[in-house]
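Fold and contact review
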Amino acid sequence: VVARRCGGVWRRVWQHGAGGPGAAPTSRGQRAAATACNARGRAAPAGKSGLAPWVPVVGLEIHAQISSNSKLFSGSQVQFAAPPNSLVSFFDASLPGTLPVLNRRCVEAAVMTGLALNCSINKKSLFDRKHYFYADLPAGYQITQQRVPIAVNGSLSYNLCIDNKMSQMVTKTVRIKQIQLEQDSGKSLHDDTRSQTLVDLNRAGVGLMEVVMEPDMCCGEEAAAAVRELQLILQTLGSSQAVMAEGQLRVDANVSVHRPGEPYGVRTEVKNINSIRFLAKAVDYEIQRQIEELENGGTILNETRAFDAKLGCTVPMRDKEGKQDYRFMPEPNLPPLILYDAKSLPANMNHQQVVNIDWIHERLPDLPSVKRAKLVERYGILPEHSFALLNEDGLTEFFENVVKQTQMKPKKVIGWILNVLLSYLKQHSLTAKESPVSSFLLADLLNLLEKKEISSTAAKQVLAELWKGEGKTPLEIVKEKKLELIQDQKELEQICQAVIDGQENEVIMMVLG
Amino acid sequence: RDWRFQVSAALKEGHVTPTELCQRCLALIKSTKFLNAYITVAEETALKQAEESEKRYKRGQPLGVLDGIPVAVKDNFNTAGIETTCASNMLKGYISPYNATVVQKLLDQGAVLLGKTNLDEFAMGSGSTDGVFGPVRNPWSYSRQYKEKSVPKLRSVDEESNWVITGGSSGGSAAAVSSFTCFAALGSDTGGSTRNPAAHCGVVGLKPTYGLISRHGLIPLVNSMDVPGILTRCVDDAAVVLGLLAGHDPKDSTTIQDNFKPFELPNLPDVSKLSIGIPKEYHAPGLSSEILALWSKAADFFKNAGAKVIEVSLPHTRYSIVCYHVLCTAEVASNMARFDGLEYGHRSDMNKSTESMYAATRREGFNDVVRGRILSGNYFLLKQNYENYFIKAQKVRRLIANDFLKVFGSGVDILLTPTTLSDAVPYTEFIKEDNRTRSTQDDIFTQAANMAGLPAINVPTALSERGLPVGLQFIGRSFQEKQLLTVAKWFENQVKFPMIQLEEVKRHNLDVFQHEKSASFS
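Residues numbered from 1 in each chain as written. Chains lettered and ligands numbered in written order. Predicted model: local features only at pLDDT ≥ 70, side-chain atom pairs only at ≥ 80, totals over all residues. Heavy atoms only, no water.

1. Some points on the overall build of chain B
For chain B, the helix and strand inventory stands at 20 helices and 11 strands. Considered along the principal axes of its C-alpha atoms, chain B spans approximately 65 × 55 × 55 Å. The buried share of chain B, taken over its 522 residues, is 64%. Sequence separation of 24 or more characterises 79% of the internal contacts of chain B that already satisfy a separation of 6 or more. Roughly 18900 Å² of accessible area belongs to chain B as shown, and the carbon and sulfur atoms make up 52% of that amount. Of note, chain B has its 57 positive side-chain charges centred 3 Å away from the centre of its 55 negative side-chain charges. (Helix = DSSP H or I, 4+ residues; strand = E, 2+ residues; numbered from the N terminus. Buried < 20%, exposed > 50% of the residue type's maximum accessible area, 1.4 Å probe, protein only. Contact = heavy atoms within 4.5 Å. Areas by Shrake-Rupley, 256 points an atom, 1.4 Å probe, with all protein chains shown as cover. Lys, Arg positive; Asp, Glu negative; His and termini not counted. Charge placed at Lys NZ, Arg CZ, Asp CG, Glu CD.)

2. Focus: the interface of chain A and chain B
Each partner contributes to the interface: chain A provides 31 residues, whereas chain B provides 41 residues. Taking both sides of the interface into account, the surface hidden between chain A and chain B amounts to around 2800 Å²; carbon and sulfur atoms contribute 57%. Ranking the residues of chain A by area buried against chain B places Pro-96, Phe-133 and Arg-327 of chain A at the top, with a combined share of 22%. Between the two partners, chain A and chain B, sit 18 residue pairs in polar contact (both at pLDDT 80 or more). Here the side of chain A that touches chain B is composed, by residue class, of 20 nonpolar, 7 polar and 4 charged. (Buried area = accessible area lost by both parts, 1.4 Å probe. Polar contact = N/O pair within 3.5 Å; in protein donor to acceptor, adjacent residues only side chain to side chain. Nonpolar A, V, L, I, M, F, W, Y, C, P; charged D, E, K, R; others polar.)

3. Observations concerning the pairing of strand 4 (residues 184-189) of chain B
All names here are of chain B. By the criterion of burial, strand 4 is predominantly enclosed, with 6 of the 6 residues buried. Covered by surrounding structure in strand 4 are Ala-184, Leu-186 and Ser-188 together with Ala-185, Gly-187 and Asp-189, the residues of both alternating faces. The pairing of strand 2 (residues 70-74) with strand 4 spans 3 bridges and is classified as parallel. By the bridge assignment for strand 4, Ala-72 is matched with Ala-185. Where strand 4 meets strand 6 (residues 227-232), 6 bridges bridge the pair, whose relative direction is antiparallel. Within strand 6, the residue paired with Leu-186 across the bridge is Ile-230. (Pairing = 2+ DSSP bridges.)

4. Here we look at the environment of Ser-455 of chain A
All names here are of chain A. You can see Ser-455 is positioned in the loop between helix 10 (439-450) and helix 11 (456-467). Between the C-alpha atom of Ser-455 and that of Leu-485, which follows or precedes it by 30 residues, the distance is 6.5 Å. A distance of 3.0 Å separates a polar side-chain atom of Ser-455 from the backbone nitrogen of Ala-458.

5. Quick word on the side chain of Ser-356 of chain B
Residues and elements named next belong to chain B. With respect to the helices and strands, the residue Ser-356 is situated in helix 12 (residues 354-365). Overall, the relative accessible area of 18% leaves Ser-356 in the buried class. There is a polar contact of 2.9 Å between the side chain of Ser-356 and the backbone nitrogen of Ser-353.

6. Quick look at a nonpolar patch on the surface
A cluster of nonpolar side chains, namely Ile-486, Leu-492, Ile-495 and Val-499 of chain A, defines an oily patch on the protein surface of about 310 Å² accessible area. Positionally, Leu-492 of chain A belongs in helix 13 (residues 489-501). (Patch = residues over 30% accessible without salt bridge, like charges linked within 9 Å, V, L, I, M, F, W, Y side chains within 5 Å. Salt bridge = Lys/Arg side-chain N within 4 Å of Asp/Glu carboxyl O.)

7. Points about the pairing of strand 6 of chain B
All names here are of chain B. With respect to burial, strand 6 is a largely interior element, 6 of its 6 residues being buried. Neither face of strand 6 is exposed, since Val-227, Gly-229 and Leu-231 on one face and Pro-228, Ile-230 and Thr-232 on the opposite face are all buried. In this structure, strand 5 (residues 204-207) lies alongside strand 6, joined through 3 bridges in antiparallel fashion. The residue of strand 6 that forms the bridge with Leu-206 is Ile-230.

8. Description of the domain arrangement of chain A
How big an interface is tends to be reported as the loss of accessible area on association of its parts. Residue and element names in this part refer to chain A. Domain boundaries assigned for chain A yield domain 1 (55-330) and domain 2 (368-481). In this structure, domain 1 and domain 2 have C-alpha centres spaced 37 Å apart. Each partner contributes residues to the interface: domain 1 has 9 residues there, and domain 2 has 9 residues. Summing the contributions of domain 1 and of domain 2, the shared interface buries around 750 Å²; its carbon and sulfur component is 59%. Taken together, the links from domain 1 to domain 2 amount to 1 salt bridge. Between Glu-229 and Arg-372 there is a salt bridge, with its nearest N and O atoms 2.8 Å apart. For the side of domain 1 that touches domain 2, the elements supplying multiple residues, two or more each, are strand 7 (165-183) and helix 3 (220-237). (Domains from an automatic or database assignment.)

9. Brief notes about the sheet that holds strand 4 (residues 128-131) of chain A
Strand order in this open sheet of 3 strands is 5-4-15 (chain A), and the pairing throughout is antiparallel. Either end of the sheet is taken by a strand with one partner, and the two such strands are strand 5 (141-144) and strand 15 (329-330) of chain A.

10. As for the packing of aromatic side chains
This structure, assessed with the given rule, holds 28 aromatic pairs over all chains. Ring geometry for Phe-302 of chain B and Phe-474 of chain B: centres 5.8 Å apart, planes at 70°, overall edge-to-face. Of the two residues, Phe-302 of chain B sits in helix 10 (residues 289-304) while Phe-474 of chain B sits in strand 11 (residues 469-475), which places them 172 residues apart along the sequence. The two residues Phe-302 of chain B and Phe-474 of chain B agree in class, both being buried. In this structure an aromatic cluster arises from ring pairing among Tyr-94, Phe-122, Phe-339, Tyr-344 and Phe-366 of chain B. The ring of Trp-54 of chain A carries the charged tip of Arg-259 of chain A above its face, separated from the ring centre by 3.9 Å. The lysine or arginine in question, Arg-233 of chain B, covers the ring of Phe-183 of chain B, its NZ or CZ lying 5.0 Å from the ring centre. (Phe/Tyr/Trp six-rings, centres within 6.5 Å; stacked < 30°, edge-to-face > 60°. Lys NZ or Arg CZ within 6 Å of the ring centre and 35° of its normal.)

11. Structural notes on a negative patch on the surface
Judged by side-chain charge, Glu-453, Glu-484, Asp-488 and Glu-491 of chain A come together as a negatively charged surface patch. Relative to the elements of secondary structure, Glu-491 of chain A occurs in helix 13.

12. Points about the UniProt feature "domain: Asn/Gln amidotransferase" (unreviewed entry) in chain A
Those residues carrying the UniProt feature "domain: Asn/Gln amidotransferase" (unreviewed entry) are residues 397-512 of chain A in this numbering. The span residues 397-512 of chain A carries 69% helix and 0% strand; its end-to-end C-alpha distance comes to 59 Å. (UniProt positions renumbered as here; feature names shortened; annotations may be inferred.)

13. Description of the confidence of the model for chain A
When pLDDT is averaged along chain A, the result is 87, and 88% of the positions lie at 70 or above. Contacts of residues 1-47 of chain A to residues separated by more than four positions or lying in other chains number 91 contacts, the stretch itself having pLDDT below 50. (pLDDT = per-residue confidence, 0-100.)

Structure below.
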């Protein structure tokens, strides 16, 4: 069992009278930013009421689209931004008489994810129907795993910087309640001017893993860090591409506040969060809004709210049809999903027919936390450097390739990667794989620096030239721009002499003092 | 001598060509149109299929026993290019882009698909009277037997009010086989929908074990109980069709994984070593004395043949109807949710909002029976009711299934029961009660087999005093179809059920058909 909460408490830091009813949402948002959760959980002063401070509680429900060639229960292809309704099988369109057939790849992805999140994998899990009418849900129900999900009782460790300093990091853990397999819905596009709704079923039936995190977080920053770590894990496993901008990772946050020692407050669900940065903002805003509401004698409604990225605040969502009763029912067309391990695997079973948990376990790649530890150990870099490396797609591989090809110590190489190359990449919104300067060229350049053939300043100039991608080698650029450091004593003396000779008056002045 | 599909032998020997056979059936469909057995007759494609079959016979390479044989399919199976309506306004005009697996298998065997047969809307009913295309009439209503025995006694000599129902919901398929318009038909069986009309129409109706035949393409009523049913004129034919349809389907995850081995039934079945169970709870109130007498006579047949006949108890069967009501309506509520007017089927003109369009579409598209079941099913699935109704019903279902396991575990091989309470009633009588009351009465002997997933078969047994068919039901162990059908065939041989005497059949001089029918009894 891990800690339930970070122990952090939330404070009102603004002055009496600064907020209050009727305050503009933007000012609220600003205050929310100012009261970002302190990861160390410093004791906080009481609110204006003189009571103990508020304890915020944050839980997350994360939908990760499974990276798979085909959908969860049909053979349709999965592809982002394909022409509307071009990837729709008879089953996806819910034609009468069609039946679901479970995609093995999706099951394996969920098992992999469950194992990576320290879950126990249920050897028998079940599918259920969740009913509601919506235009982009053709069958009128979603197939999900309500009763017995594929994985339960896991945990996710993530790191948090204290006071925004990379050098001070703490490790936190959030419990994973469960991972369930379920179908994605289609997309509805509302054309208000023509009062029409257009439906695209390409996404309908794509496999999702819903990862339910227990309310073990207490602020936006923690929620953001946990989701970022999950994102890295999913990408490392390849079980989801987890690109938030493409909707492959969707996060809903459950937020409530209560007084210490008292039961949890009424929670709201915040949806429509499109990036990790917005997640932190949305959660912090919502915490602040609830505190303010309660301190002003109001109550919190158990409602769904949407995050408005432009205004930086959450607003009540127009509820689809009031309170929904999903009328859950076992999915009768799918037998229980049975998984095996080395012990339970029947001898005569066709291996194509079964999913073996142990087999998957043995083939799990190094998870981000392990990769970081290995980087620190192998290259002697600082832990925060390992975070920075893993945080960028392909940067670790780039760094390791450079290290392999240069005589420069990894500890020095890391500076060039994180301080110089990374800022170039960010300026141009490129990933390490797309860098116009290959690891080979950078290694070449760093070798010149290491052999003291050029100065550090000159090296930066060369890198700027290399970035143009004109196909020149670092040495060619150095020669062309005459950036070499001069090693020959006589040559240096001659140059100095020439300078002195040309400036007789100044020399005399200096000699005279 | 091979008893299976005698008409197949006639085709092989060239006594008749597939095209001739198809044309004769089509002509008979036309002259028996008043039966309302077919919703769609696919004349053009049927003739084309017959032509293809004829070429194969000419090359001496027929695809199998079913090549060139005219068949019909209940209109709740998807057929590519041929309308699939479920006898509902919701799907009127709906042409599916794919074939149900069972339909595809029939076509792959060279069978000629004559058309789609009538049913209760979405198979919800036990009379084949509640479809949007009107009720199906039992061919026996027009038989010499019924006319001679019943009509003089009836107050009304008006034929219009004397005709009797087929039972249902696969009444169209049963009527089609019974009236010789096809040689085999597919039905579906959720609570007795194949066996009940088979009993009333005097044909063999087989409900195989759940999971033995693919449901892919069968528009569902209750997914956990639906099974494609087989209607034929003799048990051997049912065994042939079963052999061609059974087995794993990758498109239906609830089908068995093991390969199914088609079987032939012994020519001289032996029942002397068998133990036949007579469930005492099936002495239900309302059981006609005629059927009761037949039932005990049937038991005597087995006794006389050396079989052990013992009374057994299925104590939970009496809860089957109420349990079925909860489970059926719950699944119906769920299955019908897809009919929203968006992707296919009927769409109302109402366009105030998406929700109002849904509501109007579903009100216009479904009849009262379907809407009623959707309503109660949703009620049972509500969070506050789920434990009290759905979960309880599932538990009762398990008890019902366990009753059967216990009986079969005690050494009983086959259960012998009535199929229906009485012979078919006139339509005018039938519609005096509502669909729900009728269904609870009519499915009383058949439903438990669906609850337990067991194979069961109706074998036509005798004619009632009114000259109408009466059948008895055999229920077997899971996946023991061979044993079940062997017993059914033996029984069929004992009872020598008479052939229907229809003017229309005589008029068409369908000697091939007569030949085929008589084969079973010689």
